[in-house]
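# Summary of the model geometry
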Amino acid sequence: MPNTRIIAISGGSGSGKSLFTQTLIAEILDEGLDIRVLCEDHYYRDQTHLSMEDRLQTNYDHPKAFEHELLIRHLEELKQGQSIDYPQYCFKTHTRLPDTQPITPASVIIVEGIMLLASPELLPLFDIKVFIDTPLDICLLRRITRDLQERGRSLQSITEQYESTVKPMYHKFVAPSRFTADVIVTQGGKNRIALDVLKSHIQQVLK
Ligand code: UZR
Ligand code: MG
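Residues numbered from 1 in each chain as written. Chains lettered and ligands numbered in written order. Predicted model: local features only at pLDDT ≥ 70, side-chain atom pairs only at ≥ 80, totals over all residues. Heavy atoms only, no water.

### Details of the sheet that holds strand β8 (residues 128–132)
What the five strands build is an open sheet, ordered β2-β7-β1-β8-β9; its pairing is parallel. Strands with a single pairing partner mark the edges of an open sheet, and in this sheet they are β2 (36–39) and β9 (183–185). Across the sheet, the axes of successive neighbouring strands diverge by a mean angle of 20°, strand direction being ignored. By the bridge criterion, four bridges tie β2 to strand β7 (residues 108–112) in an arrangement that is parallel. (Pairing = 2+ DSSP bridges. Helix = DSSP H or I, 4+ residues; strand = E, 2+ residues; numbered from the N terminus. Axes fitted to C-alpha atoms, helices over the stretch in contact; angles between N-to-C directions.)

### Some points on the packing of helix α4 (residues 136–150) against helix α5 (residues 155–177)
Their axes nearest at 11 Å, the elements α4 and α5 cross at an angle of 140°. Taken together, α4 and α5 sit at an angle that is classed as oblique. Judged by the sense of rotation from one axis to the other, the crossing of α4 with α5 is right-handed. On α5, the residues touching L136, L140, R143, I144, D147 and L148 of α4 are L155, I158, Q161, Y162, V166, K167, Y170 and H171. When grouped by side-chain class, the residues that make up the contact of α4 with α5 number nine nonpolar, two polar and three charged. (Parallel < 35°, antiparallel > 145°, perpendicular 65-115°, else oblique. Left-handed = near helix turned anticlockwise from the far one by under 90°. Contact = heavy atoms within 4.5 Å. Nonpolar A, V, L, I, M, F, W, Y, C, P; charged D, E, K, R; others polar.)

### Here we look at the side chain of R146
Assignment of secondary structure puts R146 in helix α4. Reaching out from R146, the side chain makes a polar contact with the side chain of S13 at a distance of 3.4 Å. Not counting residues up to four positions away in its chain, the partners in contact with R146 are S13 and R151. (Polar contact = N/O pair within 3.5 Å; in protein donor to acceptor, adjacent residues only side chain to side chain.)

This is how it looks when you write it as structure tokens:
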């Protein structure tokens with residue numbers, strides 16, 4: 001679609017990216033406006049060919065864990081007015097599911113994920129880059145609750161992953177990527193002012 005705007009929302013795991021994005025999207029859709037969202041999580045590489053033991057060794061907090069080539073292709077196709085087959089990923093088996101979901105183009109597309117601003121090949125695609133800047137201890141608390149409830153993890157596996165990859169990779173990739181952002185948002189998904197600023201920008205583009 002000509003003049004498609006792509007907005008990237010990034011930040012650490014548990015920073016409130018998904019809540020921020022979902023709140024924004026729900027309010028925009030409520031007004032009858034058309035918008036799409038893609039999660040970088042859906043683009044985790046498929047690992048069907050690996051044993052479960054090997055899948056547990058993967059560093060999921062590294063930019064290379066994502067099939068960014070496919071995400072770039074999909075964003076370019078949406079910009080050209082073509083529909084895409086949005087991949088589905090299972091956090092319990094660490095594999096991509098056989099089914100995809102069709103997504104049609106729209107004038108505004110939001111992409112949300114941890115490594116979006118840490119991946120130089122993606123940056124030129126984004127019209128607005130947002131970084132959700134949440135202290136790491138708050139991220140960890142949210143992540144414990146979510147991974148226990150939604151991602152089928154034990155407290156021990158969450159702790160091990162946090163120490164071995166989540167924390168070091170946050171400092172290596174995610175935190176420095178905030179310097180590429182146009183907008184930095186504190187207080188995660190509950191920052192009403194930041195939501196309103198982005199919402200009014202999107203409304204202007206869509207109306
Ligand atoms: P969000 N992740 C997994 O735990 N398993 C997978 O198969 C794929 C990803 C985790 C990943 C990262 N890290 O921190 C988090 N680890 O998902 C990113 N360890 O997802 O941004 O939604 O929190
Ligand atoms: Mg999320």
